[in-house]
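# Results of the structural survey
What follows is each chain in one-letter form.
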Amino acid sequence: MALASWRCCSWLILLCAYTWGHPKPVDLKTEDVRNCSTSPQYLPMTAVNTTAQLTALREQMSTKNLSAYIIPDTDAHMNEYIGEHDKRRAWITGFTGSAGTAVVTMGKAGLWTDSRYWTQAEREMDCNWELHKEVGTVPIVKWLLTNISPGGRIGFDPSLFSIGSTWQEKVSSIRSQMQKHHKAPTAVLLSALDETAWLFNLRSSDIPYNPFFYSYTLLTDSSIRLFVNKSRFNSETLQYLNSNCTGSMCVQLEDYSQVHDSVQTYATGAVRIWIGTSYTMYGLYKVIPKEKLVADTYSPVMVTKAVKNSKEQALLRASHVRDAVPMIRYLVWLEKNVPKGTVDEFSGAELLDKFRGEEKFSSGPSFQTISASGLNAALAHYSPTKENHRKLSSDEMYLVDSGGQYWDGTTDITRTVHWGTPSAFQKEAYTRVLIGNIDLSRLVFPAATSGLAMEAFARRALWDVGLNYGHGTGHGIGNFLSVHEWPVGFQSSSITMGKGMFTSIEPGYYRDKEFGIRLEDVAVVVEAKTKYPGTYLTFDVVSLVPYDRNLIDVSLLSPKQLQYLNHYYQTIREKVGPELQQRQLLEEFQWLQQQTEPLSSRAPCTTSLASVLAVSTLAILNWNV
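Residues numbered from 1 in each chain as written. Predicted model: local features only at pLDDT ≥ 70, side-chain atom pairs only at ≥ 80, totals over all residues. Heavy atoms only, no water.

As a further point, take the overall build of the chain. Within the chain one finds 20 helices and 23 strands. For the chain, with 625 residues in total, the buried portion stands at 56%. With the model as given, the accessible surface of the chain reaches about 26,400 Å², and the carbon-plus-sulfur share is 52%. (Helix = DSSP H or I, 4+ residues; strand = E, 2+ residues; numbered from the N terminus. Buried < 20%, exposed > 50% of the residue type's maximum accessible area, 1.4 Å probe, protein only. Areas by Shrake-Rupley, 256 points an atom, 1.4 Å probe, with all protein chains shown as cover.)

Written out as structure tokens, the structure reads:
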């Protein structure tokens with residue numbers, strides 16, 4: 001199976017950076033603007049007929065088998081002010097404002113710009129164009145996901161996009177780190193599969209649940225050697241890797257089985273080889289003379305990969321918005337069907353995987369779904385089989401830990417629910433786990449703090465009453481890579497936390513032979529706003545599925561914890577609500593509205609599907625996007 005090079009696909013497109021100018025706002029009156037809702041449509045004299053331009057572009061798109069084409073507002077030098085011959089976006093749209101991005105599919109055309117230019121766009125564009133009053137990568141991502149089919153090809157002019165993550169740029173970055181290292185290594189040896197996949201922006205399917213291919217890489221200061229099964233690379237991938245040349249930016253393909261001999265031969269020269277000891281097997285380690293070895297716990301690729309740039313962050317955020325939809329569909333379906341006694345752990349897991357598989361850019365689950373009812377949930381990593389599973393019951397707690405692989409990100413989320421009447425101890429344990437999740441998620445900490453130093457905040461509420469859990473508190477997560485992406489996390493071996501890192505936060509509690517609780521979210525490390533100047537960080541949770549109100553004892557929450565929870569629920573409404581509406585998932589939307597109602601220290605937390613169905617459809621009509 002050929003490896004995907006991603007040269008002309010949504011991954012690269014959605015990583016594009018946009019340059020916004022800052023001209024003086026145009027003083028335009030609002031009464032003479034287009035009206036595309038009337039028959040016939042009204043266009044002011046200032047509107048430009050773009051039918052011929054769009055027809056010509058779509059003809060070219062058809063010959064290139066493209067589903068969409070992106071036109072930014074810049075030139076090949078990322079200038080703020082551009083020459084007349086570079087005004088591609090103005091030519092295709094008719095809109096002459098200096099800030100905006102156009103996207104054309106075979107059936108639609110859209111322009112994204114900020115509020116300074118909305119009136120100007122309505123005066124200058126004809127009705128071939130949709131005006132989107134948003135800016136940034138995420139709105140364009142969502143629109144593309146809705147308007148092109150899975151596997152669709154997206155085109156762009158590579159001279160107009162500052163992607164910042166081509167494999168050539170990554171190679172240059174690692175070589176720069178080699179030059180700055182005090183031991184002056186001449187090569188880096190990569191053994192972990194996700195290191196090579198990340199370095200070359202390549203994915204495949206050799207490993208279950210992981211988009212990797214068997215490989216090693218020896219990156220030297222003057223050459224690049226990729227050890228793989230060469231027969232699997234098609235001509236497009238070979239061209240993408242510049243494999244037909246021998247320069248410092250040409251990837252030389254060697255057989256996977258030759259890595260031992262090749263490294264041993266290279267080590268005979270005047271060289272020093274940099275390795276990450278955590279992922280280098282002894283078989284390779286032993287062929288490198290000790291005096292030629294530069295050994296760190298993690299390779300420079302592993303450490304660099306841990307910090308996502310702004311484009312990668314936007315992609316991961318977008319994948320989590322979409323991933324919330326199958327989770328909510330599943331929880332709504334369970335609430336209706338578990339009382340009927342027709343659902344078991346295995347069939348439930350299969351249905352959730354099916355829901356995820358229906359999402360745009362899905363590439364399957366990111367690990368085997370943990371679907372555990374009652375006493376099975378006390379086993380932290382239990383997974384049912386077709387032969388061995390339990391029925392789900394309204395009288396027991398149910399834990400589901402699952403995730404998806406998408407072309408733009410990897411997800412991992414755990415929720416625990418109870419459809420009946422939980423015991424007082426179950427509610428207390430659940431709420432204390434939730435408090436641990438909240439306290440760590442809202443923690444403000446100095447930059448370069450280790451995860452181990454802060455993970456006690458996730459346990460404190462449990463420790464207060466003599467409870468605990470026996471697993472780690474979180475792990476890193478990749479961009480269509482590993483669901484467990486080290487070295488980020490809260491373990492002793494994890495690197496210190498830095499801006500742009502993604503980690504799970506997943507405290508739990510397990511009562512042997514009775515039940516288990518885990519609440520897991522993925523969060524990104526961001527700058528914190530503090531009263532006094534300083535370099536402080538905090539977490540921003542990107543998982544967007546509400547917790548079970550039936551299990552929350554609000555009396556245990558402090559005012560700040562309650563405020564955080566309600567703010568999180570408002571965020572879920574704002575980001576996931578429109579997604580459900582757009583897909584006409586009205587029952588799921590009503591459920592979400594009910595589950596994210598603000599919690600009060602005086603109000604009960606219980607709810608049911610019956611109460612959800614009683615929500616007026618007026619709420620949908622009045623939803624503010």
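More follows now that the structure is in view.
Next up on the list: the state of the cysteines. The full count for this structure, using the stated rule, is 2 disulfides. Paired by a disulfide, Cys36 and Cys127 hold their sulfur atoms 2.0 Å apart. One disulfide, between Cys36 and Cys127, carries an S-S torsion of -90° and so falls in the left-handed class. Residue Cys36 is located in the loop between α1 (10-14) and α2 (51-63), and its partner Cys127 is located in the loop between α4 (118-124) and β4 (130-132); the two are separated by 91 residues in the primary sequence. At a sulfur-sulfur separation of 1.8 Å, the disulfide partner of Cys245 is Cys250. Linking Cys245 and Cys250, the disulfide has an S-S dihedral of approximately -100° and is accordingly described as left-handed. (Disulfide = S-S within 2.5 Å.)

What the rule picks out here adds up to 27 salt bridges. The closest approach of N and O atoms between Glu130 and Lys108, which form a salt bridge, is 4.0 Å. Taken together, the residues Glu130 in strand β4 and Lys108 in the loop between β2 (101-105) and β3 (109-112) connect sequence positions 22 residues apart. Taking the relative accessible area as the measure of exposure, Glu130 reaches 28% and is therefore partly exposed. (Salt bridge = Lys/Arg side-chain N within 4 Å of Asp/Glu carboxyl O.)

A separate point is unusual backbone geometry. Cis rather than trans, the peptide bond between Ser39 and Pro40 has omega equal to 0°. Relative to the helices and strands, Pro40 resides in the loop between α1 and α2. For the bond from Trp486 to Pro487, the omega torsion is 15°, close enough to zero to count as cis. Assignment of secondary structure puts Pro487 in the loop between α16 (456-463) and β19 (502-505). The phi angle at Asn65 is positive, at roughly 55°, despite the residue not being glycine. Take Asn65: its relative accessible area is 56%, and that puts it in the exposed class. Positive phi outside glycine occurs at Gln584, with the angle close to 60°. With respect to the secondary-structure elements, Gln584 resides in the loop between α17 (559-582) and α18 (586-595).

This part takes up the pairing of strand β9 (residues 251-255). In this structure, strand β8 (residues 224-228) lies alongside β9, joined through 5 bridges in parallel fashion. If you follow Leu226 over to β9, its bridge partner there is Leu253. (Pairing = 2+ DSSP bridges.)

What follows deals with the packing of helix α12 (residues 310-337) against helix α13 (residues 345-357). It is the contact of α12 with α13, at a shortest axis distance of 9 Å, that shows an interaxial angle of 145°. Considering the relative orientation of α12 and α13, their crossing is right-handed. Contacts from Asp323, Pro326, Met327, Arg329, Tyr330 and Trp333 of α12 reach α13 at Gly348, Ala349, Leu351, Leu352, Phe355 and Arg356. The residue makeup of the contact of α12 with α13, split by class, is 8 nonpolar, 1 polar and 3 charged. (Axes fitted to C-alpha atoms, helices over the stretch in contact; angles between N-to-C directions. Left-handed = near helix turned anticlockwise from the far one by under 90°. Contact = heavy atoms within 4.5 Å. Nonpolar A, V, L, I, M, F, W, Y, C, P; charged D, E, K, R; others polar.)

Moving on, we come to the sheet that holds β2. One open sheet holds the 5 strands; their spatial order is β4-β3-β2-β1-β5, and the pairing between them is mixed. Because the sheet does not close on itself, it has two edges, and the strands there are β4 and β5 (154-155). Summarising the sheet, β3 and β4 pair through 3 bridges and their orientation is parallel. When the bridges of β4 are listed, Leu111 appears paired with Leu131. The strands touched by α2 within the sheet are β1 (68-71), β2 and β3, with β2 carrying the most contacts at an inclination of about 65°.

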